[in-house]
Amino acid sequence: MLRVILLLAISCMVVTTKEVGKVVVSEKPAETKIFEVTQEASCYNYFQLSLQWAPSICATRRCHEPLPTPDRWTIHGLWPTSTPPYPNYCYIRNMGCRVNFTELEEQSPALFDDLSYNWPSLYNKGSEGFWKYNYCKYGTCDPESGTAYFKKALRETKKVNELLKDVTDRGPGAFKKINTVLGVNVRYWCRNVRGGAQILEQIGVCYDRDWNMMDCPHAKMCAITAEFTDYCSA
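Residues numbered from 1 in each chain as written. Predicted model: local features only at pLDDT ≥ 70, side-chain atom pairs only at ≥ 80, totals over all residues. Heavy atoms only, no water.

(A) Quick look at the pairing of strand β8 (residues 198-207). For β8, the tally of buried residues reaches ten of ten residues, placing the bulk of the element in the interior. With six bridges connecting them, strand β4 (residues 46-52) and β8 associate as antiparallel partners. Looking at β8, one finds that leucine 51 is bridged to isoleucine 203. Relative to β8, strand β7 (residues 187-192) runs antiparallel, the two being bridged by six bridges. (Buried < 20%, exposed > 50% of the residue type's maximum accessible area, 1.4 Å probe, protein only. Helix = DSSP H or I, 4+ residues; strand = E, 2+ residues; numbered from the N terminus. Pairing = 2+ DSSP bridges.)

Structure follows, in structure tokens:
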């Protein structure tokens, strides 16, 4: 009891489970067929939605076909975040973390299709492996967890893409318009390419616990000359 009180005092989110080996976030009995994991308490201050720009990612990596259209951001991950060390793998490790995406597709085909479109694995793991990795590492640290974790990432990604759809200038320094359009400071990740140029690969959009966009703490910036890229242009 004392441990729980101390956790709450420092703004930790405590997750309880009712059945060993099954995550019980709320009364969602059907989801126990999809997610088998026993969560532990986790602490975080805000969420970070990490979005990637596929043409830049694939300029320096061998990506899978089909590639996302070069006019939208796709999901890298949704991360409950705090000051380091960041929370991750918030479950009893020796009991494992299992996610049955076949069952997810059967129960929620629309959600599965939405994930396939907005959260593709661009390289390395197949998409289901990519989703499982993110869920087990980060989704288990979200008190809602379950399909709610994926739905929140999809919801906010669609909002960001809608807001950024008119940011079509991809020349040097144009990426800074993202801050202006979203009205907050985001995190930027760029990669150096030949000739000393930088291309924008990824952004991190931060949210408070009520899902209001906020300035990302310690927001990273890229070189003033960094730019977007199209497929095969870097």
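(B) Representation of the pattern of salt bridges within the structure. Counting across every chain of the model gives nine salt bridges. With a closest N to O distance of 3.0 Å, glutamate 201 and arginine 61 form a salt bridge. A residue pair is termed long-range when its members are at least 10 positions apart, and glutamate 201 in strand β8 and arginine 61 in the loop between α2 (54-59) and β5 (74-81) qualify at 140 residues. Residue classification places glutamate 201 among the buried positions, given a relative accessible area of 7%. When the shortest N-O distance is used, the salt bridge between lysine 158 and aspartate 114 registers 2.6 Å. (Salt bridge = Lys/Arg side-chain N within 4 Å of Asp/Glu carboxyl O.)

(C) Representation of the environment of cysteine 190 in the model. On the secondary structure map, cysteine 190 appears in strand β7. By relative accessible area, which is 24% here, cysteine 190 ends up partly exposed. Setting aside anything within four residues of it in sequence, one finds cysteine 190 in contact with Gln198, Ile199, Leu200, Glu201, Cys222 and Ala226. (Contact = heavy atoms within 4.5 Å.)

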